Amino acid sequence: MTTEVRVVTQTPPDPAAIDAAADLLRRGGLVAFPTETVYGLGANALSAEAVRGVFIAKGRPSTDPLIVHLAGVDDLSRVAASVPPAARTLAAAFWPGPLTVIVPRHPDVPGDVTAGLETVAVRVPAHPVARALLLAAGVPVAAPSANRFSRPSPTTAGHVCDELGGRIPLVLDGGATPVGVESTIVDCTVTPPVVRRAGGVTLEQLRVVVPDIVVREEHGDAAEAQVAPGQLLRHYAPSAPLTLYVGPVDAVCARLATDARRLAAQGRRVGLLVPAEDALALAPDVAALAAQGRVLVRACGSRTLPQTMATALFATLRHLDAEQPDVVLASDAGPAGLGAAIRDRLTRAAEGRVVRV
Ligand code: TXA
Ligand code: MG
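Here the structure is a predicted model, which means the values were calculated and not measured. (Residues numbered from 1 in each chain as written. Chains lettered and ligands numbered in written order. Predicted model: local features only at pLDDT ≥ 70, side-chain atom pairs only at ≥ 80, totals over all residues. Heavy atoms only, no water.)

**Focus: the pairing of strand E13 (residues 270-274)**
Logical step 1: Counting buried positions along E13 gives 5 out of 5 residues, so the element sits mostly inside the fold.
Logical step 2: A two-sided burial pattern is seen for E13, the buried positions comprising Val270, Leu272 and Val274 on one face and Gly271 and Leu273 on the other.
Logical step 3: Looking at chain direction, E13 and strand E14 (residues 295-299) are connected through 5 bridges and run parallel. Residue pairing for E14: Val274 is matched across the bridge by Ala299.
Logical step 4: Examined bridge by bridge, E13 and strand E15 (residues 327-331) share 4 bridges and lie parallel to one another. In the strand pairing of E15, Val270 is matched with Val327. (Buried < 20%, exposed > 50% of the residue type's maximum accessible area, 1.4 Å probe, protein only. Helix = DSSP H or I, 4+ residues; strand = E, 2+ residues; numbered from the N terminus. Pairing = 2+ DSSP bridges.)

What follows is the structure, encoded as structure tokens:
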């Protein structure tokens with residue numbers, strides 16, 4: 001299959017491209033499209049056959065449920081059997097935007113979408129291309145991130161082609177996605193509501209509207225994966241083993257430098273994925289190793305503006321992976337705000353190799 005890539009202007013989204021993509025979705029086809037978080041691989045959520053195509057294209061296990069995307073909050077009753085009050089409150093506050101709520105599943109939504117669960121994850125994305133596509137399609141669209149299973153999520157149409165080129169018919173290219181990490185997932189079928197995945201809406205923002213919301217870390221083993229399907233520990237991992245360093249900034253920088261020196265002395269090519277501030281403040285001998293190409297330093301946004309780090313995160317991981325280091329050492333933007341989502345993704349990329357200094 002050849003994959004067509006159609007560039008879509010955003011203001012307003014090119015009607016010809018949107019109509020062609022909407023038509024394909026209604027006919028049961030797959031379309032990759034930009035959302036404000038990452039690119040999604042969409043299929044008609046009311047068609048079990050179309051949805052099965054998503055799992056095949058991604059190589060995703062059928063036990064990992066999909067998020068259903070809607071044009072607006074009014075469509076919620078098409079996919080939800082009921083809407084818990086917390087879901088209403090969160091939707092009113094954060095839709096359209098990078099928030100997913102888990103609600104009871106409407107019988108019209110095939111079990112293929114939800115991995116057989118009686119709940120369904122739903123969101124209304126904010127990206128103009130996603131909104132135009134959902135409006136034109138007129139059907140709810142099930143869409144996981146448009147990557148092969150367990151790979152970093154795509155934040156450009158080029159990443160989608162690297163992942164799924166030849167496996168899907170159409171990619172709408174709306175440029176790089178602004179948020180850069182996936183939506184925050186909140187389970188609203190339990191009281192109090194539980195954050196199942198940190199993402200583009202921060203815990204601090206959620207607490208303003210749902211003060212009793214709780215966080216459940218799902219960096220789990222197989223048993224936990226049953227509780228929160230799809231939240232597997234190994235995810236986003238580059239080919240080279242990645243280690244995440246967390247703690248006070250100065251201590252992390254010193255420890256990163258020590259370990260980079262030691263590994264380079266062993267002849268290993270070391271990738272450093274760090275905020276720009278740390279890349280600029282490298283110890284002189286580590287900077288010298290970088291100049292020799294023995295340490296590959298890749299700055300990923302700014303520690304003081306976690307949003308810039310989130311936006312750059314997956315692209316930087318891919319970039320570094322392509323340079324084939326032997327090991328990757330990473331530091332992050334701390335646990336607050338969007339930093340929580342960045343830490344979650346890097347912890348999964350590290351498959352649990354987290355050094356607390
Ligand atoms: O930002 C996003 O959420 C992106 C864009 C494309 O919208 N989508 C995305 O989808 O990240 P995906 O498939 O990569 O991650 C969805 C995750 C699943 O892995 C699963 O953990 C969780 O959502 N999920 C979906 N339905 C669920 C349910 N009924 N109960 C619990 N978790 C669910
Ligand atoms: Mg994903």
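Moving on from the model shown.
**Focus on the packing of helix H13 (residues 306-322) against helix H14 (residues 339-349)**
Logical step 1: The contact between H13 and H14 brings their axes to 9 Å, and the two run at 30°. In terms of orientation, H13 and H14 fall into the roughly parallel class. The crossing of H13 and H14 is left-handed. On H14, the residues touching Pro306, Met309, Ala310, Leu313 and Phe314 of H13 are Gly339, Ile342, Arg345 and Leu346.
Logical step 2: For the contact of H13 with H14, the residue count by class is 7 nonpolar, 1 polar and 1 charged. (Axes fitted to C-alpha atoms, helices over the stretch in contact; angles between N-to-C directions. Parallel < 35°, antiparallel > 145°, perpendicular 65-115°, else oblique. Left-handed = near helix turned anticlockwise from the far one by under 90°. Contact = heavy atoms within 4.5 Å. Nonpolar A, V, L, I, M, F, W, Y, C, P; charged D, E, K, R; others polar.)

**Let's talk about the domain arrangement of the protein chain**
Logical step 1: With domains assigned, the protein chain is organised as domain 1 (4-215) and domain 2 (242-356).
Logical step 2: At the junction of the two partners, domain 1 supplies 22 residues and domain 2 supplies 14 residues.
Logical step 3: Roughly 1300 Å² is buried in total at the junction of domain 1 and domain 2, and carbon and sulfur atoms are behind 54% of that figure.
Logical step 4: The largest per-residue losses of area from domain 1 upon contact with domain 2 belong to Pro152, Val181 and Ala198, which jointly make up 31% of the total buried on that side. (Domains from an automatic or database assignment. Buried area = accessible area lost by both parts, 1.4 Å probe.)

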